[in-house]
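# Per-entry structural report
Chain residues, written in single-letter form:
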Amino acid sequence: MMTDLTELTIAEAREGLKNKKFSATELNKAYIAAMEKGRDYNAYVTETPEIALAQAEESDKRYLSGQAKDLDGIPLGIKDLFCTQNIRTTACSKILDNFVPPYESTVTAHLKDAGATFLGKLNMDEFAMGGSNETSAFGPVKNPWSKNIPLVAGGSSGGSAAAVAAGICAGATGTDTGGSIRQPSAYCGVTGIKPSYGRCSRYGIMAFASSLDQAGPIAKDVRDCAILLKNMAGFDAKDSTSVDAIVPDFEKFLGADIKGMKIGIPKEYRVEGLDAEVAAYWDKAADMLKARGAEIVEISLPHTKYALATYYIIAPAEASSNLARYDGLRYGERVNGKSLDDMYINSRTQGFGKEVKRRIMIGTYVLSAGYYDAYYLKAQKVRRLIWQDFRDAFEKCDVILTPTAPTAAFAIGDKEMQKNPITMWLNDVYTVAVSLAGLPAMSLPIGLNKDGLPLGMQLIGKYLDEESVFKTASTLEKDAAFKRMK
Ligand code: GLN
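## Here we look at the sheet that holds strand 5 (residues 191-194)
Read across the sheet, eleven strands follow the order 1-3-2-4-6-5-10-11-9-7-8 without closing on themselves; strand pairing throughout is mixed. Only two strands of the sheet have a single neighbouring strand rather than two, namely strand 1 (44-47) and strand 8 (295-299). Averaged over neighbouring strand pairs, the angle between their axes works out to 30° when direction is ignored. Strand direction decides the pairing type here: strand 7 (residues 262-266) and strand 8, joined by five bridges, are parallel. Pairing of I265 across the sheet is with E298, part of strand 8. Against the sheet, helix 5 (residues 158-165) makes contact with strand 2 (75-79), strand 3 (117-122), strand 4 (171-176) and strand 6 (214-219), and its axis sits at roughly 155° relative to strand 4, the strand it touches most.

Next comes the structure, spelled out in structure tokens:
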């Protein structure tokens, strides 16, 4: 009997394909069957099995002729924020319900060029605004680790993290504006990296907050993240904020000696609301790195307490501007009215969900005359201070170790979270500062809490120094020996 192909990592599947243990078609069929069986998770909003199989056929031809590419035949799920040519792309918003992009995002184009196959589009918070996938027009994603009550998969890339955890894709794309790759990865016991701002092109990714948005992979382990990121990153003339830097072969950093590396522990991150078990794992992770010869140093990020407020001014400000394009005329859903203005109002009223409207209103407010100086301009200044905090901290250390989120996954429909949106936003306390500073950061699973739910640790690197993040992560991963679900 052949092993369950959906349990293989990308690295393992690639070996199997190269050695003709199974074909790309067989691998894709296994994932398609798993995807259909796993519909209860609500991870996919559009399934494209026929596309995956057609791509797999091409991959098989290349394997036979010895011309296989880096990701040939590897079945991926794509967050529904990436435009995929001729495949419905909705950002999980009603306003884009029937939108079929005529072009491909640069990141997904790279993955296709590398031979990857696309199983479908993954659920997410509407326009990536949220931290629990509950703002999606398609309903929440169910965390595969749920026990008696359904738990959130995290957000906004909840579909991506859940699909990887459940083995209904081999790897996935995600995007991260303030934690959307890292936090769902932590909640679902998988690994995800938000690379340095500019590493991946934003071209063809629907914009939420352009100065923060970054694409990155969510995968079963650190190696798979390295493989995917190499195939996603790269300079793109179509995105003026993409960086013209060499994309290293991240895989070659794995397993490197971390002796003498300095690991920073920010003292301000012992926040109120930090779960005791998360705190204990944080200490344990530091001990593991120390046992490998790294040096643990206390660092200070003094402006941490302003990070959430700063993020929740800047992100909505940019969102309100970016989302002005959804007017009922150019894309997606139109709801007619008596006049042109009525049509705009009706389309936006019915097309956008509550959280998106909240962000548009906050954004419009902080950008309006009279409030611009008090909120937006001030937030930009504090953003600079947060950036400087990290710059100073990195004088003393090579990477920073923190929890990814203060708690494990919570219940879908959690009352406290529903009552007050701020409670939900507080969850982003460890991830938003990194985004404001444009730094690379990875979340990897460290262990289970007493309820059997996965917890994640975050490793933050200097700008464009994904190398140190991968190095440290691969060591920590080995010592944590987290048992994946699939
Ligand atoms: N949870 C954060 C927010 O709601 C981050 C979302 C993201 O990174 N896209 O804005």
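## Quick notes on unusual backbone geometry
Of note, the bond from G155 into S156 is cis; its omega dihedral lies within 30 degrees of zero at 5°. We note that K20 has phi near 60°; this positive angle belongs to a residue other than glycine. Tracing the sequence through the fold places K20 in the loop between helix 1 (10-18) and helix 2 (24-37). Under the relative-accessibility criterion, K20 is labelled partly exposed at 49%.

## Some thoughts on the pattern of salt bridges
Using the criterion set out here, one finds 26 salt bridges in the structure. Close ionic contact of K486 with D4 constitutes a salt bridge, the shortest N to O distance being 2.6 Å. Here K486 is found in the segment after helix 16 (466-480), whereas its partner D4 is found in the segment before helix 1, with 482 residues between them in sequence. For K142, the salt bridge goes to D40, with nearest N and O atoms at 3.4 Å. Of this pair, K142 sits in the loop between strand 3 and helix 5 while D40 sits in the loop between helix 2 and strand 1; the two residues are 102 residues apart in sequence, bridging distant segments of the chain. Judged by its relative accessible area of 26%, K142 falls in the partly exposed class. Relative accessible area serves as the criterion here: at 56%, D40 is assigned to the exposed category.

## Re the packing of helix 8 (residues 276-291) against helix 16
Viewed as axis vectors pointing N to C, helix 8 and helix 16 meet at an angle of 110°, and their least axial separation amounts to 10 Å. The orientation of helix 8 with respect to helix 16, classified from their angle, is roughly perpendicular. Where helix 8 abuts helix 16, its residues A285, M288 and L289 lie against T472, L476, D479 and A480. Considering only residue class, the contact of helix 8 with helix 16 consists of five nonpolar, one polar and one charged.

## Some words on the site of the ligand
As a structural note, the neighbourhood of the ligand is formed by 15 residues, with T177, G178, S180, Y311 and R359 the closest of them. Between the ligand and S180 there is a distance of 2.7 Å, counted from a nitrogen atom to a side-chain nitrogen or oxygen. Interatomic distance of 2.7 Å between a side-chain N/O atom of Y311 and an oxygen atom of the ligand. If the ligand stood free it would expose 290 Å²; the protein chains cover 99% of that surface. Counting atoms within 2 Å of the grid points, the majority share of the ligand lands in the largest cavity. In the shell around the ligand, the residues fall into five nonpolar, seven polar and three charged.

Rules of the game
Residues numbered from 1 in each chain as written. Predicted model: local features only at pLDDT ≥ 70, side-chain atom pairs only at ≥ 80, totals over all residues. Heavy atoms only, no water. Pairing = 2+ DSSP bridges. Helix = DSSP H or I, 4+ residues; strand = E, 2+ residues; numbered from the N terminus. Axes fitted to C-alpha atoms, helices over the stretch in contact; angles between N-to-C directions. Contact = heavy atoms within 4.5 Å. Buried < 20%, exposed > 50% of the residue type's maximum accessible area, 1.4 Å probe, protein only. Salt bridge = Lys/Arg side-chain N within 4 Å of Asp/Glu carboxyl O. Parallel < 35°, antiparallel > 145°, perpendicular 65-115°, else oblique. Nonpolar A, V, L, I, M, F, W, Y, C, P; charged D, E, K, R; others polar. Near = heavy atom within 4 Å. Polar contact = N/O pair within 3.5 Å; in protein donor to acceptor, adjacent residues only side chain to side chain. Areas by Shrake-Rupley, 256 points an atom, 1.4 Å probe, with all protein chains shown as cover. 1 Å grid on protein atoms, 1.4 Å probe; cavity = no way out; pocket = protein on both sides within 12 Å on 5 of 7 lines; lining within 4 Å. Sits in = over half its atoms within 2 Å of the grid points.

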